[in-house]
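One-letter residues, chain by chain:
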Amino acid sequence: MLIEKCMHINFRVNGDARGSMIVVEGEQAVPFDIKRLFYIYGTDPTVVRGKHANRKSDFVMVCVHGSCKVKITDGTNEIVVSLDDPTKGVYIPRMLWKDMYNFSEDAVLLVMASTHYNSTEYIRDFDAYCEEMRMLNGAGQN
Ligand code: TYD
């Protein structure tokens, strides 16, 4: 099942008397070559972001400051991951639907992606997504 490919990631902390540092290298700390990163901040706690699936992009999300939640679904099964620790991330493979919400006012959500941005790979209609997943499952490809 596709949703079972989501993974919690524990980043190794380089700590010394000066404080802490986490290094993220593509194909090492995250399971893909990182082509893009973006970060989301200043989000109102009532806002839901994401609300899409990506046909070609895999992601790792980590809340490097503050907290938020991400709900991940394949249209049938869902998991909710609390991101509230800069040492912990979640890997979300392509073709899963994701909603990010419950942002604390100080939240900074770092997102690493396996692709460059391409708006045409987004599925933004949840019903259309569910229908596509049903067809994929019916074809035994999930
Ligand atoms: P959007 O996909 O709506 O953000 P989220 O998934 O967090 O809800 O993106 C917001 C805007 O930023 C939208 O106009 C597209 C643009 N954008 C880029 O230009 N490049 C990117 O890598 C991303 C993620 C978004």
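These numbers come from a predicted model, not from an experiment.

Parameters at a glance
- Residues numbered from 1 in each chain as written.
- Predicted model: local features only at pLDDT ≥ 70, side-chain atom pairs only at ≥ 80, totals over all residues.
- Heavy atoms only, no water.
- Helix = DSSP H or I, 4+ residues; strand = E, 2+ residues; numbered from the N terminus.
- Rg over C-alpha atoms; globule rule 2.2 N^0.38 Å.
- Buried < 20%, exposed > 50% of the residue type's maximum accessible area, 1.4 Å probe, protein only.
- Contact = heavy atoms within 4.5 Å.
- Areas by Shrake-Rupley, 256 points an atom, 1.4 Å probe, with all protein chains shown as cover.
- Lys, Arg positive; Asp, Glu negative; His and termini not counted.
- Charge placed at Lys NZ, Arg CZ, Asp CG, Glu CD.
- Pairing = 2+ DSSP bridges.
- Axes fitted to C-alpha atoms, helices over the stretch in contact; angles between N-to-C directions.
- Phe/Tyr/Trp six-rings, centres within 6.5 Å; stacked < 30°, edge-to-face > 60°.

(A) Just the overall build of the protein chain, in detail. For the protein chain, the helix and strand inventory stands at one helix and 12 strands. Put simply, the protein chain runs from its N terminus to its C terminus through helices and strands in the order β-β-β-β-β-β-β-β-β-β-β-β-α. Scaling as 2.2 N^0.38, a compact globule of 142 residues should have a C-alpha radius of gyration of about 14 Å, and the protein chain matches this with 16 Å. With the principal axes as the frame, the protein chain shows a C-alpha extent of 55 × 35 × 25 Å. Every one of the 142 residues in the protein chain was classed for burial, and the buried ones make up 39%. Considering only intrachain contacts with a sequence separation of at least 6, the fraction spanning at least 24 residues in the protein chain is 76%. Accessible surface computed for the protein chain: about 8,200 Å², of which carbon and sulfur atoms make up 49%. If the 16 positive side-chain charges of the protein chain are averaged to one point and the 19 negative ones to another, these points end up 3 Å apart.

(B) Structural detail: the sheet that holds strand β6 (residues 59-65). One open sheet holds the five strands; their spatial order is β1-β9-β6-β11-β4, and the pairing between them is antiparallel. With one partner strand each, in any of the chains shown, β1 (7-10) and β4 (36-41) form the two edges of the open sheet. The average undirected angle you get between the axes of adjacent strands in this sheet is 25 degrees. Across four bridges, the pairing between β1 and strand β9 (residues 88-92) is antiparallel. Note on β9: the bridge partner recorded for M7 is Y91.

(C) Here's a closer look at the packing of aromatic side chains. Under the criterion given, the structure shown has six aromatic pairs. Here F32 and Y91 contribute two aromatic rings whose centre-to-centre distance is 6.3 Å and whose plane-to-plane angle is 40 degrees, an arrangement assigned as tilted. With F32 in the loop between β3 (19-22) and β4 and Y91 in strand β9, this pair connects stretches of sequence that are 59 residues apart. Both residues of the pair, F32 and Y91, count as buried. An aromatic cluster of three or more residues is present, and its members are W97, F126 and Y129.

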